[in-house]
Amino acid sequence: MSKFERQRAVTVRDIAARKGKEPVVCLTAYTALVAQLLDQHVDLLLVGDSVGMVIHGLPNTVGVTMEMMILHGQAVMRGAPQACVVVDMPFGSYEASKEHAMANAVRLMQETGCAAVKLEGGAEMAPTIEFLVKRGIPVMGHVGLQPQSVNMHGYAAKGRKREEWDGIIADAQAVAEAGAFATVVEAVAADLGAELTAAVPNVTIGIGASAACDGQILVTEDMIGLFASTPTFVKRYAEWGSAIDEAAANYASEVKARRFPAEEHTYSMRD
Ligand code: KIV
């Protein structure tokens, strides 16, 4: 059976039906091994363009390419047979025109087999979202803090002043009305996250938004403590950064002392 024939356990329609119901559990993944480990615990895996920082050491998501998203999307699809897999459209792949966005969204879906694509933006991206959705591409929106616009707006949380609320809610409504089945709401005041969730008909997925959102997402490597510092909205469920540090230090000292490899890690001669 090819990747296109395989019926995934969690579909876009399943996610869309979770508005106001049991929270949708989402995490990011970029590799087959991590996708395999997460698959049974989540409803949705996002191949986020955060891959640029997490895996490739880029300073932000601006330098992420279609080729990177396709390669990591394919890896995640191989590792995760259950979850609904969404792949981010990278910066520059969808803004210029609806037709350009369509060509790149088709490429992401055909070359990875993913269930949907995600793109950043509010009312200004609504015509593009509608164009894609009407042509068979499920789209996830992304409002609030939009990391691809870091060079314009930085990384500050949004909606911490009441006068910012109407614009952000109007953006989320425009994205939902254009047909996005779900919308990521990033780094907004908690009260705004709750109000926005009540104001839109589609599923909201919070990251630094509010527990009132219809689901939550975190960058997995943030959540398992691989980075020394993480944003305020990250809860660290493990401390793998220090565990790797300790393991590497022990390995280095045993290699230097010739205590590794021990006899059980070596091959004996055969008669
Ligand atoms: O790229 C990413 O990981 C994301 C999440 C922060 C939602 O867009």
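A short tour of the structure in this document, coming up. Fair warning: this is a prediction, and the values are worked out from it, not measured in the lab. (Residues numbered from 1 in each chain as written. Predicted model: local features only at pLDDT ≥ 70, side-chain atom pairs only at ≥ 80, totals over all residues. Heavy atoms only, no water.)

**So, the packing of helix H8 (residues 165-177) against helix H9 (residues 190-199)**
Next up, step 1: Remark: H8 packs on H9, axes separated minimally by 10 Å, with the N-to-C direction vectors making an angle of 40°. The orientation of H8 with respect to H9, classified from their angle, is oblique. The element H8 and its partner H9 pack so that their crossing is right-handed. Contact residues: Trp165, Ile168, Ile169, Ala172 and Gln173 in H8; Asp191, Leu192, Glu195, Leu196 and Ala199 in H9.
Next up, step 2: When the residues that make up the contact of H8 with H9 are grouped by side-chain class, the tally is seven nonpolar, one polar and two charged. (Axes fitted to C-alpha atoms, helices over the stretch in contact; angles between N-to-C directions. Helix = DSSP H or I, 4+ residues; strand = E, 2+ residues; numbered from the N terminus. Parallel < 35°, antiparallel > 145°, perpendicular 65-115°, else oblique. Left-handed = near helix turned anticlockwise from the far one by under 90°. Contact = heavy atoms within 4.5 Å. Nonpolar A, V, L, I, M, F, W, Y, C, P; charged D, E, K, R; others polar.)

**Some words on the pattern of salt bridges**
Next up, step 1: Per the counting criterion, the structure on display carries seven salt bridges.
Next up, step 2: The salt bridge involving Asp43 is made with Arg18; its shortest N-O contact spans 3.0 Å. On the criterion of sequence distance, the pair formed by Asp43 in the loop between helix H2 (32-38) and strand S2 (44-47) and Arg18 in the loop between helix H1 (12-16) and strand S1 (24-28) is long-range, its members being 25 residues apart. Here Asp43 matches Arg18 in class, with each residue buried.
Next up, step 3: In this structure, Arg107 and Glu111 form a salt bridge, with 3.0 Å as the shortest nitrogen-oxygen distance. One end of the pair, Arg107, and the other, Glu111, are both in helix H5 (residues 98-112), four residues apart, so they sit about a helical turn from each other.
Next up, step 4: On the accessibility criterion, Glu111 (31% relative accessible area) is partly exposed.
Next up, step 5: Residues participating in the shared-partner salt-bridge network are Glu67, Arg107 and Glu111. (Salt bridge = Lys/Arg side-chain N within 4 Å of Asp/Glu carboxyl O. Buried < 20%, exposed > 50% of the residue type's maximum accessible area, 1.4 Å probe, protein only.)

**Here we look at the side chain of Thr128**
Next up, step 1: Mapped onto the elements of the fold, Thr128 is located in helix H6 (residues 126-134).
Next up, step 2: For Thr128, the contacting residues outside a window of four places in its chain are Tyr94, Lys98 and Ala101.

**Observations regarding the sheet that holds strand S5 (residues 139-144)**
In any sheet, the strands associate via hydrogen bonds between backbone groups, in a parallel or an antiparallel arrangement.
Next up, step 1: Pairing is parallel around the closed barrel formed by eight strands, whose spatial order is S1-S2-S3-S4-S5-S6-S7-S8. Across the sheet, the axes of successive neighbouring strands diverge by a mean angle of 25°, strand direction being ignored.
Next up, step 2: Across three bridges, the pairing between S1 and S2 is parallel. In the strand pairing of S2, Cys26 is matched with Leu44.
Next up, step 3: On top of the sheet, H5 reaches strand S3 (84-88) and strand S4 (116-118); it is set at about 135° to S4, its chief contact. (Pairing = 2+ DSSP bridges.)

**Brief notes about the site of the ligand**
Next up, step 1: Lining the immediate surroundings of the ligand are Thr28, Leu46, Gly48, Asp49, Ser50, Asp88, Lys118, His142, Val184, Glu186, Ile207 and Val219.
Next up, step 2: Note that an oxygen atom of the ligand is positioned 3.2 Å from one of the side-chain N or O atoms of Asp88.
Next up, step 3: Between an oxygen atom of the ligand and a side-chain N or O atom of Lys118, the distance comes to 2.9 Å.
Next up, step 4: When the ligand is considered free in solution it has 260 Å² of accessible area, and contact with the protein chains removes 95% of it.
Next up, step 5: Residues belonging to the shell around the ligand are distributed by class as follows: four nonpolar, four polar and four charged. (Near = heavy atom within 4 Å. Polar contact = N/O pair within 3.5 Å; in protein donor to acceptor, adjacent residues only side chain to side chain. Areas by Shrake-Rupley, 256 points an atom, 1.4 Å probe, with all protein chains shown as cover.)

**Re the pairing of S2**
Next up, step 1: Of the two faces of S2, both are covered, the one formed by Leu44 and Leu46 as well as the one formed by Leu45 and Val47.
Next up, step 2: A crossover connection joins S1 to the parallel S2 through H2; in handedness this β-α-β unit is right-handed.
Next up, step 3: In the sheet, S2 pairs with S3 via four bridges, with the strands oriented parallel. Bridging across to S3, Val47 finds its partner in Val87. (Right-handed = clockwise from strand over helix to strand, strands pointing away.)

All we've got here are geometric facts, nothing functional implied.
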